[in-house]
Amino acid sequence: MSFRFFVNGDPVEVEVPGMRRLLDVLREDLALTGTKEGCGEGECGACSVLLDGAVVDACLVPICQVDGTSIRTVEGLGAENKLNDLQSAFLETGGAQCGICTPGMLMAAEAFLASGGPSDEDSIREAIAGNLCRCTGYRKIVEAIAQAAEQRRAADPHPA
Amino acid sequence: MTRTLPPNSQPTAAPDALIIPLETRVPGRATTSLPLRREGPAKLTGVAKYADDLVFPGAWYGATIRSTEPHATLVGVDLAEAFDWSQVVVVTAADIPGDNVVSLIRDDQPILVPIGGEIRHQAEALCLVASADRETLRAAKRHLSVRTERLPAVFDPLESTEEFSHLEVGQGDLDVGFAEAELVIEGTYRVGHQEQLYIENQAMIALPHPDGGVTVHGSCQCPYYIHRALKRSLQLTDEQAVVVQAETGGGFGGKEEYPSMIALHAALLARKLGKPVRMIYERHEDLSATTKRHPAVVTHRTGVMRDGRLVAQEIDVVMDGGAYCTLTPVVLSRGVLHAGGPYRCPNVRIRGRAMATNTPPNGAFRGFGAPQTEFAAETQVNRIAEALGMSPLELRRLWAYREGDTTPTGQVLRESVAAPEVLEAAAEASDFVRHTEQTGRARAARASDARSASGIGLAMGWHGAGFTGSGEVHIAGVASVELTDMGVVRVLTAQTEMGQGTKTIFPQLVAEELGLEPEEVEVAPQDTSIVPDSGPTVASRTAMVVGGLIIKAARRLRAQVEAVTDRPFPDSYQLFARDHGGMRVDERFEPYPNVQFDDATYTGDAYPAFGWACAVARVDVDLDTGEVIVRDVVSADDAGRIIHPVLAEGQVEGGTLQAIGYATIEEIKLVDGRYLNDRLATYLIPTSLDAPRIEAILVEKPFSGAPHGAKGIGELPMDVGAPAVVAAIHDATGVWIHDLPATPERILAALTGAPTPAAPGVSVRAPDRGGA
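The rules behind these values
Residues numbered from 1 in each chain as written. Chains lettered and ligands numbered in written order. Predicted model: local features only at pLDDT ≥ 70, side-chain atom pairs only at ≥ 80, totals over all residues. Heavy atoms only, no water. Buried < 20%, exposed > 50% of the residue type's maximum accessible area, 1.4 Å probe, protein only. Helix = DSSP H or I, 4+ residues; strand = E, 2+ residues; numbered from the N terminus. Contact = heavy atoms within 4.5 Å. Buried area = accessible area lost by both parts, 1.4 Å probe. Salt bridge = Lys/Arg side-chain N within 4 Å of Asp/Glu carboxyl O. Polar contact = N/O pair within 3.5 Å; in protein donor to acceptor, adjacent residues only side chain to side chain. Nonpolar A, V, L, I, M, F, W, Y, C, P; charged D, E, K, R; others polar. Domains from an automatic or database assignment. Axes fitted to C-alpha atoms, helices over the stretch in contact; angles between N-to-C directions. Parallel < 35°, antiparallel > 145°, perpendicular 65-115°, else oblique. Left-handed = near helix turned anticlockwise from the far one by under 90°. Core = buried A, V, L, I, M, F, W, Y, C linked by side-chain atoms within 4.5 Å. Pairing = 2+ DSSP bridges. Phe/Tyr/Trp six-rings, centres within 6.5 Å; stacked < 30°, edge-to-face > 60°. Lys NZ or Arg CZ within 6 Å of the ring centre and 35° of its normal.

(A) Spatial organisation of helix α10 (residues 419-429) of chain B. Residues and elements named next belong to chain B. By the criterion of burial, α10 is predominantly enclosed, with nine of the 11 residues buried. The set of residues buried in α10 consists of A419, P420, E421, V422, L423, E424, A425, A426 and A427. Just downstream of α10, D431 is the residue with a positive phi angle, here 55°.

If you want it as structure tokens, here you go:
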């Protein structure tokens with residue numbers, strides 16, 4: 001079957017079985033290996049991507065549900081030599097250690113930042129509660145997200 | 001907030017006086033701004049390539065057929081006639097050209113159980129299959145069956161008669177000590193398995209060479225362990241076996257020894273097939289089959305005087321090694337050496353033994369035996385404080401090692417003893433005395449129908465830096481700094497980056513010596529065809545031992561270049577390379593001065609130096625459900641010298657959370673020797689909502705044997721978190737939890753007198769197989 005959707009703004013079309021996991025389509029069919037697999041059953045969040053702006057575990061989403069939607073992955077954030085504000089905050093605070101949870105963590109954080117809600121520590125911890133990290137103890141991740149939230153608020157004090 | 005204590009500081013000084021500002025010049029520390037994580041941008045953009053991200057055209061998928069019994073004879077492997085076996089390749093033990101052992105300490109663990117051989121644990125590897133696609137692979141696995149004859153299984157290390165190792169350390173005279181003691185306190189403490197739970201599963205990809213050699217790319221801590229294993233079992237030369245570390249998504253010890261097994265499996269399939277083979281574990285297989293932290297039973301008998309003096313410690317440690325030896329003797333040794341805690345005692349005897357059971361082998365995990373025995377030691381100390389009516393802080397002030405004290409192996413602690421400093425730093429930052437008074441008042445005033453309670457608890461610990469005993473001398477690691485003929489400085493070591501920051505601090509240390517910026521120093525890839533064997537990336541030895549080697553190498557490189565150019569290195573090294581070509585300086589480990597250990601008698605300097613730590617935890621306990629919320633933890637850790645404060649804090653914060661998980665929720669249940677909760681839905685680790693606020697306090701008491709004074713930091717926080725939480729639970733509820741984790745079931749049982757849940761780490765027998 002054929003499915004059309006957008007990945008990081010670019011239109012794509014894939015010919016695959018409808019129950020093929022979005023994770024496999026991204027990693028194997030589209031060679032976007034930034035999205036990671038940690039458990040394959042929606043527990044760790046390493047494969048978090050944005051589907052029409054909402055955080056989903058790409059290991060639990062069959063490609064038939066992606067038809068007509070817009071997917072955003074870590075590859076759609078900044079580049080190595082031009083990190084976006086959230087990536088820079090992770091780099092500066094030490095929010096990435098081994099890095100395997102980082103792409104999923106960044107996508108969960110992007111969705112949180114885009115939601116425009118309060119960015120106190122409890123709200124940030126709630127927003128990333130579906131993303132496991134075994135290295136950091138989460139503190140520096142929370143600091144990075146808070147720093148990015150502060151920067152975005154300063155840049156756009158009255159979001160629409 | 002980070003506060004850093006200067007060496008020899010008085011812990012009672014005003015807090016501000018304890019801080020070394022980042023701008024202050026200390027060896028190895030960046031003097032301007034801290035370098036950012038070297039591979040950070042690649043990780044943050046998805047560009048970094050972990051094993052499963054690597055693409056090798058034409059690669060097949062490999063899988064492992066595993067035992068479903070804890071102890072049996074493998075009678076045969078049957079391939080069903082209904083399946084077209086031409087589309088898969090099958091490997092059995094008969095396909096192994098060399099020794100059928102995973103080369104480590106003892107030659108007991110087979111790569112694959114041979115026909116007629118002994119299956120010693122559930123999920124043991126029996127044979128291998130590979131196919132061009134996953135669907136065919138799954139079908140092949142369904143059509144392959146194994147015939148076995150069941151043998152009796154042993155699950156309890158206390159019932160096992162098969163010993164991997166034993167040892168005893170001690171000093172003084174126990175009889176004299178206990179005769180003098182006015183109070184004798186006994187306790188038995190048990191801890192179960194803990195899974196490392198790196199978020200990236202184990203993964204290896206093998207590429208066959210036309211000459212029979214093989215290159216493996218994968219997730220690992222110790223490329224040269226794999227290199228040795230491949231050479232021996234595939235009968236390869238040094239050059240024919242090549243191991244390349246892929247970006248590694250966490251290790252924590254779990255990728256110390258097990259990657260040799262999976263690399264051998266992938267390599268055997270790839271050689272038989274003649275194509276690359278991907279061996280990528282799914283989480284379920286990883287949890288079922290790979291190593292865990294050793295369960296242990298630790299028994300204490302302690303003699304004290306009414307005034308608090310410690311006069312006798314008798315400690316017995318039994319560890320469950322699982323079915324094969326792996327690293328167990330070394331884990332036991334570290335556990336025993338740390339079992340008394342960081343306390344001065346004239347009469348000590350510590351005995352340890354590691355037993356075999358028919359459960360999957362246990363192996364390395366951050367702390368390496370010490371978290372088990374230090375949990376027991378600290379809980380015992382806290383119980384003694386209660387029995388004496390003393391504050392746990394006061395008792396430790398009385399007991400904690402100071403410079404000049406002697407450990408049970410006869411090691412005189414000549415320098416770098418920061419036990420008093422970490423104790424005071426953690427007590428002060430956590431406001432321990434005031435909070436203890438508050439929780440004490442609340443406990444006294446608590447109504448009998450109260451629904452919740454709060455408590456605070458303190459524990460301290462020590463961790464021997466680097467390998468135990470003569471380990472570093474035996475390893476004799478070599479690390480290099482090279483000026484290439486292109487005029488580039490690069491560091492060559494086998495030290496792997498798995499998140500802890502190796503690739504960031506090594507250029508920092510070398511740049512500091514050469515007068516360059518860290519960005520001007522490159523790091524050679526962890527590829528055994530390129531870098532020397534500087535030893536494994538374990539035992540908190542990277543910053544201390546290998547960091548020391550590259551500093552010395554850089555100093556020699558600088559001297560040799562400057563002797564020729566007669567100008568400062570930064571101004572002349574590129575000209576030197578243009579005119580004279582490249583230069584590589586190899587630095588081999590030399591024993592630290594005045595550090596001597598006798599392996600035969602287990603006496604002397606067990607470690608060149610120790611790191612010191614103290615944690616204070618605050619908890620809320622739900623008295624109806626027994627649930628514990630860890631609210632905050634202060635951890636003060638002395639690593640000699642802090643090379644990179646942000647990375648060091650990351651080690652303390654992450655290690656502390658692993659200790660919190662160990663204390664509260666991480667437990668593996670077994671039936672018939674099989675891990676029951678072998679999925680992420682059932683093996684739980686702390687999320688961001690479970691994690692307490694963690695404050696890391698970095699303390700510096702340098703070790704003079706290392707050129708930069710560093711002692712290592714990775715494992716320290718793992719030793720102290722769990723007993724601090726258990727002490728806090730006691731402060732809240734008045735009950736002592738002797739078995740980890742302190743689950744709601746165990747807490748409720750202690751509160752209500754209900755039957756205590758089964759001991760952690762010991763398998764229940766299969767209901768249908770009785771005592772088979």
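(B) Region of interest: the interface of chain A and chain B. Contacts between the two partners involve 46 residues from chain A, matched on the other side by 55 residues from chain B. A buried area of about 4,100 Å², summed over both sides, lies between chain A and chain B, and 54% of it is on carbon and sulfur atoms. At the surface where chain A touches chain B, the tally comes to 11 salt bridges. Ionic pairing is found between A:K36 and B:D53, a salt bridge with its closest N-O pair at 2.4 Å. Linking chain A with chain B are 31 residue pairs in polar contact (both at pLDDT 80 or more). When contributions to the side of chain A that touches chain B are tallied by element, the ones reaching two or more residues are α1 (22-29), α2 (85-93), α3 (102-115), α4 (121-127) and α5 (139-155) of chain A. The element that contributes the greatest number of residues to the side of chain A that touches chain B is α2(A), accounting for five residues. Here the residues of the side of chain A that touches chain B are counted per class, giving 18 nonpolar, 12 polar and 16 charged.

(C) Spatial organisation of the domain arrangement of chain A. Residues and elements named next belong to chain A. In terms of domains, chain A is made up of domain 1 (2-76) and domain 2 (85-155). Computed over C-alpha atoms, the centres of domain 1 and domain 2 are 21 Å apart. With 14 residues of domain 1 at the contact, the number on the domain 2 side is 12 residues. Between domain 1 and domain 2, the buried area comes to about 1,000 Å², and carbon and sulfur atoms account for 67% of it. Its largest share of buried area at the contact with domain 2, domain 1 owes to K36, C44 and V74, together 38% of the area lost on that side. The tally of links from domain 1 across to domain 2 stands at zero salt bridges. For the interface between domain 1 and domain 2, the tally reads three residue pairs in polar contact (both at pLDDT 80 or more). Counting residues per element, the side of domain 1 that touches domain 2 draws most heavily on strand β3 (residues 48-51), which supplies three residues. Taken together, the residues of the side of domain 1 that touches domain 2 sort by class into six nonpolar, five polar and three charged.

(D) View of the packing of helix α4 (residues 223-234) of chain B against helix α5 (residues 258-273) of chain B. Residues and elements named next belong to chain B. The contact between α4 and α5 brings their axes to 9 Å, and the two run at 45°. Between α4 and α5, the crossing angle belongs to the class labelled oblique. Relative to α5, α4 is oriented so that their crossing is right-handed. On α5, the residues touching Y225, I226, A229, L230, S233 and L234 of α4 are P259, S260, A263, L264, A267, L268 and R271.

(E) Layout of α2(A). Among the residues of α2(A), those classed as buried are A:L86, A:Q87, A:A89, A:F90, A:L91 and A:T93. On the buried face of α2(A), the contacting elements are α3 and α5 of chain A together with α1 (40-44) and α16 (645-664) of chain B. The N-cap residue of α2(A) is A:N84: its side-chain oxygen and the backbone nitrogen of A:L86 are 2.9 Å apart. Immediately downstream of α2(A), the backbone of A:G94 shows phi near 90°, a positive value.

(F) Representation of the pattern of salt bridges. A complete count under the given rule lists 65 salt bridges over all chains for this structure. With its nearest N and O atoms 2.4 Å apart, the salt bridge here joins B:E649 to A:K140. Here the residue B:E649 occupies a position in helix α16, and A:K140 occupies one in helix α5, the pair thus bridging two chains. Each member of the pair, B:E649 together with A:K140, is buried. In this structure, the salt-bridge partner of B:D632 is B:R618, at a minimum N-O distance of 2.9 Å. Of the two residues, B:D632 sits in strand β25 (residues 628-638) while B:R618 sits in strand β24 (residues 610-622), which places them 14 residues apart along the sequence.

(G) Highlighting the nonpolar core. A:F90, A:I145, B:V317, B:W612 and B:I729 are the most contacted members of the largest nonpolar core, which has 150 residues in total. Ranked by the residues each element gives to this core, the list is headed by helix α17 (residues 716-733) of chain B, at 10 residues.

(H) Structural context of the sheet that holds strand β1 (residues 2-7) of chain A. Residues and elements named next belong to chain A. Ordered by their spatial adjacency, five strands build an open sheet running β2-β1-β5-β3-β4, and the pairing between neighbours is mixed. In this open sheet, the two edge strands, each paired with only one partner strand, are β2 (10-15) and β4 (54-57). Averaged over all adjacent pairs, the angle separating strand axes in this sheet is 40°, with direction ignored. Bridge count between β3 and β4: four bridges; the pairing is antiparallel. Within β4, the residue paired with L51 across the bridge is A54. Relative to β3, α3 is tilted by about 35°, and along the sheet it contacts β3, β4 and β5 (70-72).

(I) Main features of the environment of B:G404. Residues and elements named next belong to chain B. Looking at where G404 falls in the secondary structure, it is placed in the loop between α9 (392-399) and α10. For the pair G404 and V417, spaced 13 residues apart in the sequence, the C-alpha separation amounts to 9.1 Å. If we skip the residues at most four places from it in the chain, G404 touches V412 and L413.

(J) Looking closely at the packing of aromatic side chains. Residue and element names in this part refer to chain B. Tallied over the entire structure, the rule returns 14 aromatic pairs over all chains. Judged by centre distance (5.3 Å) and plane angle (55°), the ring pair of Y401 and W462 falls under tilted. Of this pair, Y401 sits in the loop between α9 and α10 while W462 sits in strand β17 (residues 452-464), placing them 61 residues apart in sequence. The exposure classification of Y401 matches that of W462, with both residues buried. Measuring from centroid to centroid gives 5.9 Å for F610 and W612, while their planes differ by 50°, and the two rings are tilted. Residue W612 is classed as buried on the basis of its relative accessible area, which comes to 1%. Each residue in the set Y401, W462, Y607, F610 and W612 is aromatic and connected to the rest through ring pairs, giving one cluster. If you follow R293 out to its NZ or CZ, it ends over the ring of Y662, 5.1 Å from the centre. In this structure, R301 packs its charged tip against the face of F178, placed 3.9 Å from the ring centre.

(K) Main features of the pairing of β2(A). Residue and element names in this part refer to chain A. Relative to β2, β1 runs antiparallel, the two sharing six bridges. Across the sheet, the residue bridging to F6 is P11, located in β2. Hairpin connection of β1 to β2: two residues between the antiparallel strands, including N8 at a positive phi of 50°.

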